[in-house]
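The lines below spell out each chain.
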Amino acid sequence: MSEVKAYAASSKTAELEPLNIERRDITKEDVEIDILYCGVCHSDIHTVKNDWKNSQYPVVPGHEIIGRVTKVGDNVKNFKEGDLVGVGCMVDSCQTCDSCKEDLEQYCENGATYTYNSEDKHLGGYTFGGYSEKVVVDKKFVLSVPENLDIKAVAPLLCAGITTFSPLNHWNVKKGDKVGVIGLGGLGHMGIKFAHAMGAHVVMITTSPGKSGDAKKLGADEVLISKDEEEMKKHANSFDFLLNTVPVGHDVNPYIGLLKRDATMVLVGAIEPLDPIHGGGLIASRKTIAGSLIGGIKETQEMLDFCGKHDIVSDVEMIDIQNINDAYERVQKSDVKYRFVIDMKSLKES
């Protein structure tokens, strides 16, 4: 084992601060990665604050990891020292259940091993994430990153990117479809970019008129203010697909009214109870509400390749690791356009 620098929270009320952690020696199946950049996800904050009541301390967050390969195990053939790679939300799964066999490791029926705050099958205890100098990961969960992209802005693709790409891909969004992206934030801004690149007619749906300019710069063709009842009526029964990125419980009934017959709204943000749903809105036109969780490794690689082809990255603000607690406060106030990314050089030089 080797000791590396990291940043961790020791309790739900503690700020993140320096902590030395251990990384395992590589096995024949492993890849060791020197971490260059790590994105800051709202899930990091939920875990640090124990909002989901399952946090194991100390917590080292971070599941949007970009780095260079420093070592590979004897059985690793598809990566070599110096390769630019990424690690997302998962570092292992059972590999034997139906979901894993279908490249849907995020739905592993025996429970995926997440990049942090999951039981560590190798060292015992719990996994530590990307707010650290290095990480060692099974080759099956390492992703190739296109070298033509701005690599610091690639980091959020490994969570915010795949979270929005996967439902657009699974529900076969295509050229000419009318697609609504509900909510403009870390997820919503990626949803607009992907839907635009897929050839859809993209409508940004927001409660905030002030976000119209940004939405159009990102690729939206129109902006629909959901508080404007007359505008909502004009768009009724016209959308082929809705991507709902709102991160908190809310009333989805007005959005159901926007869908065409047989169309679907997919939830990717609200991991909590929703306001009551009126069944009539679904039954009357055979509409569907669905959910989607990140993506499997195969699909995440497809997303990165798609981004390389279309030159898609996240809009990011760079920070040093020493400013992580301030960044958390700003995320909770929605004061970032649209994702923070940590320059991990600041940790190595501290």
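Residues numbered from 1 in each chain as written. Predicted model: local features only at pLDDT ≥ 70, side-chain atom pairs only at ≥ 80, totals over all residues. Heavy atoms only, no water.

Draft legend 1. Structural context of helix H4 (residues 160-170). Among the eleven residues that make up H4, nine are buried, leaving the element largely enclosed by the rest of the structure. Buried residues of H4: Ala-160, Gly-161, Ile-162, Thr-163, Thr-164, Phe-165, Ser-166, Pro-167 and Leu-168, and no others. Summarising the contacts, the buried residues of H4 are in contact with strand S10 (178-182), helix H5 (188-197), strand S13 (239-244), strand S14 (259-267), helix H10 (297-310) and strand S17 (339-343). Among the residues trailing H4, Asn-172 stands out with phi positive, at a value near 55°. (Buried < 20%, exposed > 50% of the residue type's maximum accessible area, 1.4 Å probe, protein only. Helix = DSSP H or I, 4+ residues; strand = E, 2+ residues; numbered from the N terminus. Contact = heavy atoms within 4.5 Å.)

Draft legend 2. Up close: empty space enclosed by the protein. Taken as a whole, this structure holds one cavity of 30 Å³ or more when the rule is applied. Of the volumes computed, that of the largest cavity is approximately 60 Å³. In terms of lining residues, the largest cavity is bounded by Gly-88, Cys-89, Met-90, Leu-143, Leu-158, Ile-162, Ile-294, Gly-295, Ile-297 and Thr-300. Per-class residue counts for the lining of the largest cavity are seven nonpolar, three polar and no charged. (1 Å grid on protein atoms, 1.4 Å probe; cavity = no way out; pocket = protein on both sides within 12 Å on 5 of 7 lines; lining within 4 Å. Points joined across faces, edges and corners; volume = space filled by probe spheres on them. Nonpolar A, V, L, I, M, F, W, Y, C, P; charged D, E, K, R; others polar.)

Draft legend 3. Broad picture of the layout of surface pockets. Reported here for the second largest pocket is a volume of approximately 300 Å³. Around the second largest pocket sit 21 residues that line it, and Arg-23, Arg-24, Asp-120, Thr-127 and Val-136 are the ones nearest its centre. Only strand S2 (17-23), strand S6 (90-92) and strand S8 (134-138) provide two or more residues apiece to the lining of the second largest pocket. With four residues, the single largest contributor to the lining of the second largest pocket is S8. Looking at side-chain class alone, the lining of the second largest pocket contains eight nonpolar, five polar and eight charged residues.

Draft legend 4. Here's a closer look at the sheet that holds S10. Read from one edge to the other, the open sheet built from six strands follows the order S12-S11-S10-S13-S14-S15, with strand pairing classed as parallel. The two strands at the open ends of the sheet, each matched to only one other strand, are strand S12 (222-225) and strand S15 (288-291). Across this sheet, the average inter-strand angle for adjacent strands is 25°, counted without regard to direction. As paired strands, S14 and S15 are joined by four bridges and run parallel to one another. When the sheet's bridge partners are listed, Val-266 is paired in S15 with Ala-290. Seen against the sheet, H4 touches S10, S13 and S14 and runs at an angle of roughly 155° to S13. (Pairing = 2+ DSSP bridges. Axes fitted to C-alpha atoms, helices over the stretch in contact; angles between N-to-C directions.)

Draft legend 5. A look at the side chain of Lys-193. In this fold, Lys-193 is placed in helix H5. Overall, Lys-193 belongs to the buried group, its relative accessible area being 15%. Excluding its chain neighbours within four sequence positions, the residues that come into contact with Lys-193 are Leu-218, Ile-312, Val-313, Ser-314 and Asp-315.

Draft legend 6. Just the environment of Leu-187, in detail. Structurally, Leu-187 is set in the loop between S10 and H5. Look at Leu-187 and you get buried, because its relative accessible area is 17%. It is 33 Å that separates the C-alpha atoms of Leu-187 and Arg-24, two residues lying 163 residues apart in sequence. Not counting chain neighbours up to four residues away, the residues in contact with Leu-187 comprise Ala-160, Thr-163, Thr-164, Thr-245, Val-268 and Gly-269.

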